[in-house]
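Observations on the three-dimensional arrangement
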Amino acid sequence: MTDPTTNPTGITSGTAGNALGVHALVWVSGWDRRQCRHAVAATARSGFDLLEVPLLDPAQVDADMTAGVLAEHGVTPTCSLGLAFDTDISSEDGDTVTRGVNLLLDAVQVAGDIGSRYVGGPIYSAMDKYRRPATAAGRANAVAALRTVAAAAHERDVTLGLEPVNRYESNLVNTAEQALDLIADVGADNVVVHLDSYHMHIEQADMAGPVRRCAAEGRLGYVHVGESHRGHLGTGSLDLPGLFRALAEVGYAGPIVFESFSSAVVSPAFASALAVWRDLWTDSDDLVRAAHAYMTAHLHAARTVRRDHT
Ligand code: MN
């Protein structure tokens, strides 16, 4: 059914085309019962198929409650997280790596329990500003750690996504090429590249090259669409039409998820971790409605160009 070169996670939409999603932090800053109900209901109302649930602290997520609310609204979950310096699996300190592996194993467990078949993000190093380059020994620790986590994820039918992030948020994987190299060294089938336009804009030459290279290796598994300033789609300087054309060109059939952060919604701790210093928007409903319209229109245009001109 699923073409492994274009949709390795196997996550599909209830309707035709890619599963379109939204990151939960556009709606809420945490995940108690009220926040979960609000995020899931708002996602269903906005027309998106899928909700990306942050698992920064998996122990705080009530899996049974979450699974129930998702089922009630027919929303598909995916999960994401980043590591901190004290859970950095690319550290040279064994205790730090062990804490990171345990956190990722907990995340895989909770993801499986809420019905998510995906755990992605910058899960190979701390999501923070490093003051020195990655080391060979640290990278080897990350490879070994990801091998362990990938094996546990396989048991739960979960795919791991490595999201290259910009140089200010990791020193290990800033590009799709580095993610592909790391994946080759991990050597597990259930690890994919998770591209994010916001980070690609900073680190890659263009939008199409990374999409083509990851798809050619059968590893393009997940896509975040975020603007250059992480606010409203289409109001920044990114070549988002180019991204959608590249996705259509390679026949990408996997999830495409809108990501945006504003200090109006996210917690002070998360805002500081991601350098969200401004409220780029204050109305989540307005933001997400516009994002869904933008993504739908550009995907349609990209597919039309593909059909009529190639
Ligand atoms: Mn992202």
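Residues numbered from 1 in each chain as written. Predicted model: local features only at pLDDT ≥ 70, side-chain atom pairs only at ≥ 80, totals over all residues. Heavy atoms only, no water.

Remarks on the coordination of the manganese ion
Formally: Think of the donor list as every N, O and S atom within 2.8 Å of the metal, or within 3.2 Å for Na, K and Ca; water never makes the list, so a site can look incomplete. Note on conventions: DSSP H or I runs of at least 4 residues are helices, E runs of at least 2 residues are strands, and numbering of each starts at the N terminus. Buried, partly exposed and exposed residues are distinguished by accessible area as a fraction of the type maximum, computed with a 1.4 Å probe on protein chains only: under 20%, between the cut-offs, and over 50%, respectively.
Binding of the manganese ion to the protein goes through Glu163 (OE), Asp196 (OD), His224 (ND1) and Glu259 (OE), at separations of 2.0 to 2.2 Å. One chain supplies every donor for the manganese ion, spaced along it as E-x32-D-x27-H-x34-E. A residue pair is termed long-range when its members are at least 10 positions apart, and Glu163 in the loop between strand 5 (159-162) and helix 5 (176-186) and Glu259 in the loop between strand 8 (256-258) and helix 9 (268-273) qualify at 96 residues. You'll find Glu163 and Glu259 in the same group, each marked buried.

Overview of unusual backbone geometry
Backbone geometry places Asp157, a non-glycine residue, at a positive phi of 60°. Inspection of the secondary structure assignment puts Asp157 in the loop between helix 4 (136-155) and strand 5. The backbone phi angle of Ala275 is positive, close to 60°, even though this residue is not glycine. For Ala275, the position within the fold is in the loop between helix 9 and helix 10 (284-309).

Considerations on the packing of aromatic side chains
Both the distance between ring centres and the angle between the ring planes are used here to describe each pair of aromatic rings. We count it as follows: Two rings belonging to Phe, Tyr or Trp (six-membered ring only in the last case) form a pair when the distance between their centres is within 6.5 Å. Interplanar angles under 30 degrees mark stacking, angles over 60 mark edge-to-face geometry, and anything in between is tilted. The criterion for a charge sitting over a ring is simple: Lys NZ or Arg CZ within 6 Å of the ring centre, and within 35 degrees of the ring normal.
One pass over the structure, following the stated rule, counts three aromatic pairs. Ring centres of Tyr118 and Tyr222 lie 4.1 Å apart, and the angle between their planes is 5°; on these two criteria the pair is classed as stacked. Residue Tyr118 is located in strand 4 (residues 118-121), and its partner Tyr222 is located in strand 7 (residues 220-225); the two are separated by 104 residues in the primary sequence. Comparing Tyr118 with Tyr222, the two get one shared label, buried. Positioned above the aromatic ring of Tyr198, the side-chain terminus of Arg230 is 3.9 Å from the ring centre.

Side note on helix 1 (residues 33-46)
Condition: Under the convention used throughout, the expected extent of a helix is 1.5 Å for every residue step, that is, one less than its residue count. Note: the arc covers the axis-to-C-beta directions of the helix. Two N or O atoms form a polar contact when they lie within 3.5 Å of each other; inside protein one atom must be a possible hydrogen donor and the other a possible acceptor, and for residues adjacent in sequence the pair counts only when both atoms belong to side chains.
With 14 residues, helix 1 should cover 20 Å at 1.5 Å per step; its first-to-last C-alpha distance of 20 Å lies within 8% of that length. When helix 1 is considered as a whole, its buried residues turn out to be Gln35, Cys36, Ala39, Val40, Ala42, Thr43 and Ser46. The arc enclosing the buried residues of helix 1, seen along the axis, measures out at 165°, which places them on a common side. In helix 1, the exposed positions angled more than 90 degrees off the buried face are occupied by Arg33, Arg34 and Arg45. Here helix 1 starts with a cap whose side-chain oxygen sits 3.1 Å from the backbone nitrogen of Arg34, and that cap is Asp32. Phi turns positive one or two residues past the end of helix 1, at Gly47, with a value near 95°.

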